[in-house]
Amino acid sequence: TSADDLLLGSGSAVDVLYDSYTMLLGETGIPRSFLDNGVRILFVLYTLVNLIIMLNLLIAIISDTFDKVQDTATNARNLELLQLIVEYQQITEDEGQEITFLWTVSARKEEDDDGGQEWQGRIKEMARVIHGSQKEVTERIREVKEQVTMQVVKVEHHLMEHVKEQVYNIQNDMQTVKAQVEEFNKQITLQVNDVKQHVTQELAEVKSILLQEKK
């Protein structure tokens, strides 16, 4: 391939597109005879992947810088205002004007991001999401705690009722057993008395028989 062919871009449509692509990247002097189609495809893929990586890196750097700027925007604005006030006071003092300034500083509650405010960066967005999640978790914990407390109260009440019922049943069983023991004692006493009477009668008969034999 001659130099004139390279300058004129003669060749197929693929060669023309490839030459245009390499010219965008700053390449103008590589002869086509040194590059086959496979090398060209690999070169194009490599440069495209490299371009995508570099663009992502650039976007990440810009996003990080934007987040840092947004995070310190309020402090920077207040600092600029204070510097402006100090500069204005110095100018009035240099001109010999006696002016008394009365500055008022008041606290202001920041509006939520959902209330029409612009996006404040990923850091503040993450802080807002975390703060909202903490509120939800705290509320959920409070609800779970209330539910657990109610369940504990119900279980305690159920256990107390069950214990009272068991105690009442035991007392009834004890009274029943006591009545049965008393009845058993009565029967034993009657049987002992019967045995005593029978033994007394037998002894009396034996004594009478002995007395008759002595006589």
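Source: prediction; values computed, not measured.

Criteria and thresholds
Residues numbered from 1 in each chain as written. Predicted model: local features only at pLDDT ≥ 70, side-chain atom pairs only at ≥ 80, totals over all residues. Heavy atoms only, no water. Helix = DSSP H or I, 4+ residues; strand = E, 2+ residues; numbered from the N terminus. Buried < 20%, exposed > 50% of the residue type's maximum accessible area, 1.4 Å probe, protein only. Areas by Shrake-Rupley, 256 points an atom, 1.4 Å probe, with all protein chains shown as cover. Expected span 1.5 Å × (residues − 1). Contact = heavy atoms within 4.5 Å. Salt bridge = Lys/Arg side-chain N within 4 Å of Asp/Glu carboxyl O.

1. Observations regarding the overall build of the protein
- Helix and strand content of the protein: five helices and zero strands.
- Its helices and strands taken in sequence order, the protein reads α-α-α-α-α from the N to the C terminus.
- Of all 215 residues assigned to the protein, the portion counted as buried reaches 6%.
- Carbon and sulfur atoms provide 62% of the accessible area of the protein, an area that totals close to 19,100 Å².

2. Observations concerning helix α3 (residues 37-71)
- In this model α3 runs 51 Å from its N-terminal to its C-terminal C-alpha over 35 residues, within 8% of the 51 Å that 1.5 Å per residue would give.
- Within α3 the residues assigned to the buried category are Arg 40, Thr 47, Asp 67 and Gln 70.

3. Observations regarding the side chain of Thr 47
- Relative to the assigned elements, Thr 47 resides in helix α3.
- Not counting the four nearest positions on each side in its chain, Thr 47 is found in contact with Tyr 21 and Leu 25.

4. Observations regarding the pattern of salt bridges
- Taken as a whole, this structure holds three salt bridges when the rule is applied.
- One salt bridge in this structure joins Arg 142 and Glu 146, with 2.7 Å as the shortest N-O distance. In this pair, Arg 142 and Glu 146 both sit in helix α5 (residues 122-214), four residues apart, roughly one turn of the helix.
- With a relative accessible area of 40%, Arg 142 lands in the partly exposed category.
- In this structure Glu 146 comes out as partly exposed when scored by relative accessible area, which is 42%.

Function-wise, these values are silent; they only describe arrangement.
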